[in-house]
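Here is what each chain is made of, one letter per residue.
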Amino acid sequence: MTDLTHRIAAVLREDVRALSAYAVPPSLGMVKLDAMENPFQLDAELRTKVSRAVASAALNRYPDPRAGELSRRLREVMQIPAEAGLILGNGSDEIISIVTQAVARPGASVLSIEPSFVMYRMSAQIAQVRHVAVSLRPDFSLDLDAILAAIVQHQPAIVWISYPNNPTGNLYPDEDIAAILAAAPGLVVVDEAYNIFAGRSWLPRLVDYPNLMVMRTLSKVGLAGIRLGYAAASPLWIEQFDKLRPPYNVNILTQAAAEELLLHMAVFERQAEQICAQRSELSGRLSELPGVTVFPSDANFVLARLPDAPRVMNALLARKILVKNLHGAHPLLSQCLRFTVGTPSENELLLAALIDAL
Ligand SMILES: *Cc1c(COP(=O)(O)O)cnc(C)c1O
């Protein structure tokens, strides 16, 4: 070992050295159907409006640390209950990390229902909080008894619920989430990253549940590039989480762009409708392919089980189509690929490539 590797080994946490970084595959020149991005570009008129808003931002100054104007617009456009507190993040990934750090006491645990979004587990590892995973049933429905038993046993400080769930695409029954809220000793976070495609939300119920936090992001709406996530909960929770938030975490370009874009949410609503129509089309056509099982989705992606998913994934790569291989990620996801719904022509390319590969 060189001097430097010795030095790094001597000062860095062992668990940090053992981590692998969040992997993002190269995508230049690919049909990109791996990351639930919105496939539509903004039209020229809206781009001009955003450019103007960004051009007039005071780049020499730190941004408004509380993002006051942006918060007001978010509250109005997203109909966040007036009684709720609101925290903004550099993506909702940052909010997951902040909330996890806040509960990281010795002996604390957090619970998520797997397979689900990997950042719940990763943030727990990084904050050195014990992570408890409760498995979904093989049909991806909630195993409520198992969740309630794990809550009693582990008393998790946070329960993470992805709603709809990434990567399975389904929503969970209201009564089940209500039962989890009633049983959980700490905070229950309903992560509504895919809300615009799902049409069901726990946001209006924040007032009824003091231990509920509803988290969302503009990423899947169609603005993954600007990095803006937000979460609403009782101001008593938000006040505490705000102490861990880096003071200027939402930069001035994001604030300026988002303030303008939030005036045009109808554009994204229409795109979401098109994406949902394409989702039905894609799901229907996928299910006609030999040996393919398609799972119902309320999000902008479709999970499918195929004969030899890793081989199919490679065949798609050879045709410059990037999808997410989930085989090996969790036992319930064996032979599964996740397809982000693209434009009609991207979906046609995908289907043609799949027909060839199968
Ligand atoms: C994509 C995703 C996020 C992260 O969104 P960012 O705001 O881009 O950080 C959070 N939760 C779920 C379930 C997701 O799929």
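Residues numbered from 1 in each chain as written. Predicted model: local features only at pLDDT ≥ 70, side-chain atom pairs only at ≥ 80, totals over all residues. Heavy atoms only, no water.

Caption draft 1: Local environment of the overall build of the chain. The helix and strand inventory of the chain stands at 15 helices and 13 strands. For 358 residues, the compact-globule estimate of 2.2 N^0.38 gives 21 Å, and the C-alpha radius of gyration of the chain, at 21 Å, lies within 12% of that figure. Reported as C-alpha extents along the three principal axes, the dimensions of the chain are approximately 60 × 55 × 55 Å. A buried classification covers 51% of the 358 residues belonging to the chain. In the chain, the share of contacts with a sequence separation of at least 24, taken over all contacts with a separation of at least 6, comes to 71%. (Helix = DSSP H or I, 4+ residues; strand = E, 2+ residues; numbered from the N terminus. Rg over C-alpha atoms; globule rule 2.2 N^0.38 Å. Buried < 20%, exposed > 50% of the residue type's maximum accessible area, 1.4 Å probe, protein only. Contact = heavy atoms within 4.5 Å.)

Caption draft 2: Structural view of the pairing of strand β7 (residues 212-217). Among the six residues of β7, six are classified as buried, and the element is accordingly described as predominantly covered. Where β7 and strand β8 (residues 229-233) come together, four bridges link them in antiparallel fashion. When the sheet's bridge partners are listed, Thr217 is paired in β8 with Gly229. (Pairing = 2+ DSSP bridges.)

Caption draft 3: Spotlight on a nonpolar patch on the surface. Where nonpolar side chains cluster on the molecular surface, the patch consists of Leu4, Ile8, Val11, Leu12, Val16, Leu19 and Ile126 and spans about 580 Å² of accessible area. It is helix α1 (residues 3-11) that contributes the most residues to the nonpolar patch, three residues altogether. Secondary-structure assignment places Ile8 in helix α1. For Ile8, a relative accessible area of 36% translates into the label partly exposed. (Patch = residues over 30% accessible without salt bridge, like charges linked within 9 Å, V, L, I, M, F, W, Y side chains within 5 Å. Areas by Shrake-Rupley, 256 points an atom, 1.4 Å probe, with all protein chains shown as cover. Salt bridge = Lys/Arg side-chain N within 4 Å of Asp/Glu carboxyl O.)

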